[in-house]
Amino acid sequence: MATCWPEPIVSVQSLSQTGVPTVPNRYVKPAHQRPVFNTTQSDAEMEIPVLDMDDVWGKPEGLRLVRSACEEWGFFQMVNHGVNHSLMESVRGAWREFFELPLDEKRKYANSPDTYEGYGSRLGVVKDAKLDWSDYFFLNYLPSSIRNPSKWPSQPPKIRELIKEYGEEVRTLCERLIETLSESLGLEPDHLMKALGGEDKVGASLRTNFYPKCPQPQLTLGLSSHSDPGGITILLPDEKVAGLQVRRGDGWITVKSVPNALIVNIGDQIQILSNGIYKSVEHQVIVNSGMERVSLAFFYNPRSDIPIGPIEELVTENRPALYKPIRFDEYRSLIRQKGPCGKNQVDSLLLSR
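Computed from a prediction, not measured in an experiment: that's the story for all the values here.

1. Re the overall build of the protein
Item 1. Counting its regular elements, the protein contains 10 helices and 14 strands.
Item 2. Here the C-alpha atoms of the protein give a radius of gyration of 19 Å, agreeing with the 20 Å that 2.2 N^0.38 yields for 353 residues.
Item 3. With 353 residues in all, the protein has 53% of them scored as buried.
Item 4. Summing over all exposed atoms, the protein offers an accessible surface of approximately 15400 Å²; the carbon and sulfur share of this is 50%.
Item 5. Across the protein, 40 positive and 45 negative side-chain charges occur, with their mean positions spaced 6 Å apart.

Given below as structure tokens:
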């Protein structure tokens, strides 16, 4: 794995703050990858499902709702999810304050492509690649043995405490969600967690995304099209500004977040484990010229050193195994080298039929 970036890192936020009137060429996407802002009426009326978890937990009809969302969309919003609303607001606000710190302060936590941990502005190590209009901060969270306290920001005050408190609440939510996904697939509640490696061995990481104002949002993306490589992702979206777009057929749906909701999406590893019953769906992030955005993605992943393949009980004569097994650390390394690239990586594991 590369230990240094192929070109000098430029803070997109600093670039935006200079008042640059046009998007530099290294951020301009090819025409076929540029965002679509104008949707048809039928597209505008479509929304990812919103699930009230009070109607889901422990209820057969709730399992059917979850299964439908995971089969048809790969995404859903959750309300009454159990994560404290004021904590959500506080941790998002603390990260917003972090990104307003002087650049020299943020660069104390500059990351490298071997672990990605820390403050950064690019994904992938392909030289001369087209870059995304965003900065981020990436932290390893689970297992706790891999946490690196020196990489956790010390400013603003209490941000470390907020990260840990938020992380624990979302971790508990993920454990409950994995049980629900397992049951919705017709498995025992603990089956999917065991397939991921067990509660004490799973991995988790947190990436806070900062999307600066952009002078020409029609030419670039805050985050290029991709599916998430891990198990499930819990997204705390910006409370004011929309930006997440989800692939639907040949088009894109801009997600309108519900107040105090968290957004869940299926990752590639759950697609593999479910033998393609549940789908990891492409998504991307658009930017705008008038407002900055902050979002927090909590990635809940398999144990990194065990092969992940279709669960035996979900392989039948009519639905043979679709994917060859791969260790998550190997899978993640390939993603980190290439950067966001649609669904190319998971599709590369399809067994020839």
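What follows picks up the thread again.
2. Notes on the pattern of salt bridges
Item 1. Scanning the entire structure with this criterion turns up 17 salt bridges.
Item 2. A salt bridge links glutamate 168 to arginine 147, with the nearest nitrogen and oxygen atoms 3.7 Å apart. One end of the pair, glutamate 168, is in helix α6 (residues 159–184); the other, arginine 147, is in the loop between β4 (135–142) and α6, with 21 residues separating them in the sequence.
Item 3. The salt bridge partner of arginine 247 is glutamate 282, with a shortest N-O separation of 3.8 Å. A residue pair is termed long-range when its members are at least 10 positions apart, and arginine 247 in strand β8 (residues 244–248) and glutamate 282 in the loop between α8 (268–273) and β11 (283–285) qualify at 35 residues.

3. Digging into helix α4 (residues 85–99)
Item 1. Over its 15 residues, α4 runs 22 Å from end to end, which matches the ideal 21 Å to within 8%, given 1.5 Å per residue.
Item 2. Looking at α4, one finds that the buried residues are Leu87, Met88, Val91, Arg92, Ala94, Trp95, Phe98 and Phe99. Looking straight down α4, one finds that the buried residues subtend no more than 155° of arc, so they occupy a single side.

4. As for the side chain of aspartate 238
Item 1. Examined against the element boundaries, aspartate 238 turns out to sit in the loop between β7 (232–236) and β8.
Item 2. Using a relative accessible area of 3% as the deciding quantity, one classes aspartate 238 as buried.
Item 3. Only 3.0 Å separates the side chain of aspartate 238 from the backbone nitrogen of valine 241, close enough to count as a polar contact.
Item 4. Apart from the residues lying within four places of it in its own chain, the contact partners of aspartate 238 are Arg92, Arg96, Ser257, Glu292, Arg293, Val294 and Ser295.

5. Focus on the sheet that holds strand β10 (residues 262–266)
Item 1. Spatial ordering of the open sheet is given by β1-β2-β10-β7-β12-β5-β4-β3, a layout of eight strands whose pairing is mixed. If you trace the sheet from one side to the other, it starts and ends with β1 (50–52) and β3 (118–120), each paired once. Between one strand and the next, the sheet's axes are offset by a mean angle of 25°, whatever the strand orientation.
Item 2. Alignment of β7 against strand β12 (residues 293–301), held across five bridges, turns out to be antiparallel. Of the residues in β12, the one forming a bridge with threonine 233 is phenylalanine 299.
Item 3. Helix-sheet contacts for helix α3 (residues 60–72) involve β1, β2 (75–79) and β10, and the interaxial angle to β2 is about 140°.
Item 4. Relative to β7, α6 is tilted by about 135°, and along the sheet it contacts β2, β4, β5 (203–211), β7, β10 and β12.

6. Some remarks on the sheet that holds β11
In sheet architecture, strand pairing relies on hydrogen bonds along the backbone and comes in two forms, parallel and antiparallel.
Item 1. With antiparallel pairing, the four strands of this open sheet are ordered in space as β6-β11-β8-β9. Of all the strands in the sheet, the pair left with one neighbour each is β6 (223–226) and β9 (251–254). Going across the sheet, the axis of each strand differs from the next one's by a mean of 25°, ignoring polarity.

7. Quick word on the environment of serine 257
Item 1. Tracing the backbone shows serine 257 in the loop between β9 and β10.
Item 2. Placed 187 residues apart in sequence, serine 257 and cysteine 70 show a C-alpha to C-alpha distance of 18 Å.
Item 3. Beyond its immediate sequence surroundings of up to four residues, serine 257 is in contact with Gln77, Pro237 and Asp238.

8. A word on the UniProt feature "domain: Fe2OG dioxygenase" (unreviewed entry) in the protein
Item 1. In this numbering, the UniProt entry assigns the feature "domain: Fe2OG dioxygenase" (unreviewed entry) to residues 202–302.
Item 2. Across residues 202–302, helical content stands at 6% and strand content at 44%; the span's end C-alpha atoms are separated by 5 Å.

9. Description of unusual backbone geometry
Item 1. A cis amide bond links leucine 142 to the next residue, proline 143, at an omega of -10°.
Item 2. Here proline 143 shows up in the loop between β4 and α6.
Item 3. Between glutamine 155 and the following residue, proline 156, the backbone shows a cis peptide bond with an omega angle of 0°.
Item 4. Its place among the elements puts proline 156 in the loop between β4 and α6.
Item 5. Located in the positive-phi region is aspartate 128, a residue other than glycine, with phi close to 65°.
Item 6. Tracing the sequence through the fold places aspartate 128 in the loop between β3 and β4.
Item 7. Relative accessible area serves as the criterion here: at 62%, aspartate 128 is assigned to the exposed category.
Item 8. The residue asparagine 275 is not glycine, and still its phi comes out positive at about 60°.
Item 9. Residue placement: asparagine 275 occurs in the loop between α8 and β11.
Item 10. What makes asparagine 275 buried here is its relative accessible area of 0%.

Conventions used here
- Residues numbered from 1 in each chain as written.
- Predicted model: local features only at pLDDT ≥ 70, side-chain atom pairs only at ≥ 80, totals over all residues.
- Heavy atoms only, no water.
- Helix = DSSP H or I, 4+ residues; strand = E, 2+ residues; numbered from the N terminus.
- Rg over C-alpha atoms; globule rule 2.2 N^0.38 Å.
- Buried < 20%, exposed > 50% of the residue type's maximum accessible area, 1.4 Å probe, protein only.
- Areas by Shrake-Rupley, 256 points an atom, 1.4 Å probe, with all protein chains shown as cover.
- Lys, Arg positive; Asp, Glu negative; His and termini not counted.
- Charge placed at Lys NZ, Arg CZ, Asp CG, Glu CD.
- Salt bridge = Lys/Arg side-chain N within 4 Å of Asp/Glu carboxyl O.
- Expected span 1.5 Å × (residues − 1).
- Arc of directions from axis to C-beta.
- Polar contact = N/O pair within 3.5 Å; in protein donor to acceptor, adjacent residues only side chain to side chain.
- Contact = heavy atoms within 4.5 Å.
- Pairing = 2+ DSSP bridges.
- Axes fitted to C-alpha atoms, helices over the stretch in contact; angles between N-to-C directions.
- UniProt positions renumbered as here; feature names shortened; annotations may be inferred.

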